[in-house]
Amino acid sequence: MNYFNYKRRLSSETRIGNTPLGGNNPIRVQSMTNTNTNDTEASAEQVIRIVEAGADYVRLTAQGVREADNLKNIKEVVRGRGYNTPLIADIHFNPRAAEAAAKVVEKVRINPGNFVDRVKTFETFEYTDEEYAQEIDKIRAKLVPLLDICKEHKTAIRIGVNHGSLSDRIMSRYGDTPEGMVESCMEFLHICLEERFKDIAISMKTSNTVVMSKAVRLLIARMEKEGLNFPLHLGVTEAGDGEDGRIKSAVGIGSLLSDGIGDTIRVSLSEDPEYEVPVARKLIAYIKQKENHPEIVATASDKFSPFSTDRRETYVVRNIGGDSVPVVISDRSQGNFELNSHFLPDYLYVGKELPIAAPRAIPSIIDFEGWKGEKNTYPLFDKSNWNKISETDSAIKFLRLSYPELDKDILALLKNDKSIVVILSTDHINGVGEQRAFIHALMNNDCDTPVVLNRRYTENESEDIQIKAAADFGTLYLDGFGNGIMLQNEGAIPLKNIDAYMFGILQASRVRTSKTEYISCPSCGRTLFDLQTTVALVKGATSHLKHLKIGVMGCIVNGPGEMADADYGYVGAEKGKISLYKKKNLIEKNISSAEAVERLVQLIKENGDWVEPEN
């Protein structure tokens, strides 16, 4: 992988109906229906809406043989209406359903964590080598018949690993780690290869963007070591809805697409599935702009590993750097000081001088020429006046730089003066690569200066800047880089919204928490309640609990596992019934959905995690 210059990873090609995946084909977009798969007309209509929104593939759940058999009827209606988009069956716990579906659809998704293994128990098991080998034989016994059917019907398979549903066998040796996800995939992949079956796609999905990124990178390294290059499906599970869902998906998926990784994507939103497709299209189009960009000449640091979750070590200046959470700098140089009390920035950039209207409680950053040393203000230098820094007495000195401006004199200054914080800007079409090059140069020169990442956009639509900025900043935060964020926009979006997006990007990148985090699934035919309405109700009751992660899941397939990272969980148990979890532990089951939100609040109170909302 070239960290600095964009080039798409060349995978092998997988046949999926009339729309092959990988190789030199475009990055494909897909979504998933949330209708009951036994409802032929409703499912067919939703498939068509998803296709008309621009999807290349459409997935439907097939939790049982009855649903798998009905895929034939759905396909007949869709094809009869003139739509030839490949259909994909989503299978959990039921090899017989997979076998039935493989005779009908163009691809079958199986989950290694529950295709053979039972529902997760979160119990600890110890396996001898012999017992472990016997478990692999069980997989082979269930998988080979499916592969034979897929060969006969020219049906592809996605080995779809979910972080939240790793088998007890994998958990016993690897835990719920990226390494465990890779091993779960390779067990199935090796059997496919032994059977000479190669129409395969692979996914490594989780609601945790850090784990997702590292798992995919580890998988690629493992495949390359074995001479394999199967195409990859990217997605962040349970990303949520609205602004949060878009930002979190763009951080996780965008960080990999930025490195040329990924052959098909699904943006999973807790919204109607056809709304996912335009978001995915925008993300792909933005990343494609990097193709054939001017070369960035840089040297990768041997101190950096794409598989590590460690953050770059820096010194501390006031509240910037070291173990401090990344700061938020809001550009208010145009004189607008309307703020959102829930997302107050750490610093305000006010431009050439300190305006009377600027709030004095928030530190201000002022261009050096207009800085007068006022209390709670700090100067900003650039390449034109950097030589004045050593003569200036200030607790923090901000220095705006870009990679082309980094020379030996600047490096010497940065290494000598421990009061400097770099604001790292870029105008390069591959800004991610150029900003990476700057930080790798610092690492190669043993320079531990804190760096605030700065990007500028010209967007008028909130969704556009959410997607672009999340992909750009998120890639670097998942690298372990960045001690702050400064997102500037010359467009019609209110500045207080821009501030909220900066906090959202930091939270999605797992480097700073500023609001309640909701882990909510995108809904599918297994969902046992109206997910969008329920998410809104849960948010309405708990959105002030900024210290908590709360899962809202439609069923038990991924629910308890994906929520293992959450503090509390609200999971569909059966029609009209809800189960409540505290972390991995089932606390109450089969509560009426009419009472479940109130009971969730009571559970949070009983465990001492409730605080009263502010007026």
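Just so we're clear, the structure is a prediction, and the values are computed from it rather than from any experiment.

The rules behind each value
Residues numbered from 1 in each chain as written. Predicted model: local features only at pLDDT ≥ 70, side-chain atom pairs only at ≥ 80, totals over all residues. Heavy atoms only, no water. Pairing = 2+ DSSP bridges. Helix = DSSP H or I, 4+ residues; strand = E, 2+ residues; numbered from the N terminus. Axes fitted to C-alpha atoms, helices over the stretch in contact; angles between N-to-C directions. Contact = heavy atoms within 4.5 Å. Buried < 20%, exposed > 50% of the residue type's maximum accessible area, 1.4 Å probe, protein only. Phe/Tyr/Trp six-rings, centres within 6.5 Å; stacked < 30°, edge-to-face > 60°. Lys NZ or Arg CZ within 6 Å of the ring centre and 35° of its normal. Domains from an automatic or database assignment.

Participant: What is the right way to look at the sheet that holds strand β19 (residues 451-457) in this model?
Facilitator: Hydrogen bonds between backbone groups are what pair the strands of a sheet, and the pairing can be parallel or antiparallel. Read once around its circumference, the closed barrel built from eight strands follows the order β13-β14-β15-β16-β17-β18-β19-β20, with strand pairing classed as parallel. In this sheet, adjacent strand axes meet at a mean angle of 25° when their direction is disregarded. Relative to strand β14 (residues 347-351), strand β13 (residues 327-331) runs parallel, the two being bridged by three bridges. Within β14, the position partnered with Ile 329 by the bridge is Tyr 347. Sheet contacts for helix α11 (residues 431-444): β17 (397-401), β18 (420-424) and β19; angle to β19, the most-contacted strand, approximately 165°.

Participant: Can you walk me through the pairing of strand β8 (residues 200-205) in this structure?
Facilitator: One face of the sheet, then the other: side chains in a regular strand alternate in exactly this way. In terms of residue burial, β8 counts as a mostly covered element, since six of its six residues are buried. Residues of β8 alternate between two faces, with Ile 200, Ile 202 and Met 204 on one and Ala 201, Ser 203 and Lys 205 on the opposite face, all of them buried. Note: strand β7 (residues 156-162) against β8, six bridges, orientation parallel. Paired with Gly 160 across the two strands is Ser 203, which belongs to β8. Bridge count between β8 and strand β9 (residues 232-234): two bridges; the pairing is parallel. Along β9, the bridge assignment pairs Ser 203 with His 233.

Participant: So what exactly am I meant to see when it comes to the sheet that holds β7 here?
Facilitator: Read once around its circumference, the closed barrel built from eight strands follows the order β3-β4-β5-β6-β7-β8-β9-β10, with strand pairing classed as parallel. Sheet analysis places β9 next to strand β10 (residues 264-265), joined by two bridges and oriented parallel. Along β10, the bridge assignment pairs His 233 with Thr 264. Running at roughly 160° to strand β3 (residues 28-32), helix α9 (residues 276-288) makes contact with β3 and β10 of the sheet.

Participant: Would you explain the packing of aromatic side chains in this entry?
Facilitator: The geometry of an aromatic ring pair comes down to the distance between the two centres and the angle between the two planes. Scanning the model with the defined rule gives nine aromatic pairs in all. Ring centres of Tyr 3 and Phe 4 lie 6.1 Å apart, and the angle between their planes is 80°; on these two criteria the pair is classed as edge-to-face. Residues Phe 115 and Phe 188 carry aromatic rings whose centres are separated by 6.3 Å and whose planes lie at 75° to one another, so their mutual orientation is edge-to-face. Taken together, the residues Phe 115 in the loop between β6 (107-110) and α4 (129-153) and Phe 188 in helix α6 (residues 178-194) connect sequence positions 73 residues apart. As far as the burial class goes, Phe 115 and Phe 188 line up, both buried. Cation over ring: Lys 107 sits above Tyr 57, and NZ or CZ is 5.6 Å from the ring centre. When the ring centre of Trp 610 is taken as reference, the NZ or CZ atom of Lys 605 above it lies at 5.2 Å.

Participant: Looking at this model, I keep getting lost on unusual backbone geometry. Mind explaining?
Facilitator: Residues apart from glycine generally show negative phi values, whereas peptide bonds are mostly found in trans. At Phe 93, a position not held by glycine, the phi torsion is positive, near 70°. Position of Phe 93 relative to the elements: it lies in the loop between β5 (87-90) and α3 (95-102). Phi is positive for Asn 590, which is not a glycine, with a value near 60°. Structurally, the position occupied by Asn 590 is in strand β25 (residues 585-592).

Participant: Which parts of the structure should I look at to understand the domain arrangement of the protein?
Facilitator: For interface size, the figure often reported is the accessible area lost on association. Looking at the protein, the domain boundaries give domain 1 (11-289), domain 2 (316-509) and domain 3 (517-607). Each of domain 1 and domain 3 has a C-alpha centre, and the two are 24 Å apart.

Participant: Help me understand the environment of Phe 473 in this model?
Facilitator: Position of Phe 473 among the secondary structure elements: in helix α12 (residues 462-479). Given the relative accessible area of 1%, Phe 473 is considered buried. It is 14 Å that separates the C-alpha atoms of Phe 473 and Ile 498, two residues lying 25 residues apart in sequence. Residues contacting Phe 473, with those up to four places away along its chain left out, are Leu 453, Asn 454, Arg 455, Tyr 457, Ile 485, Met 486, Leu 487 and Ile 505.

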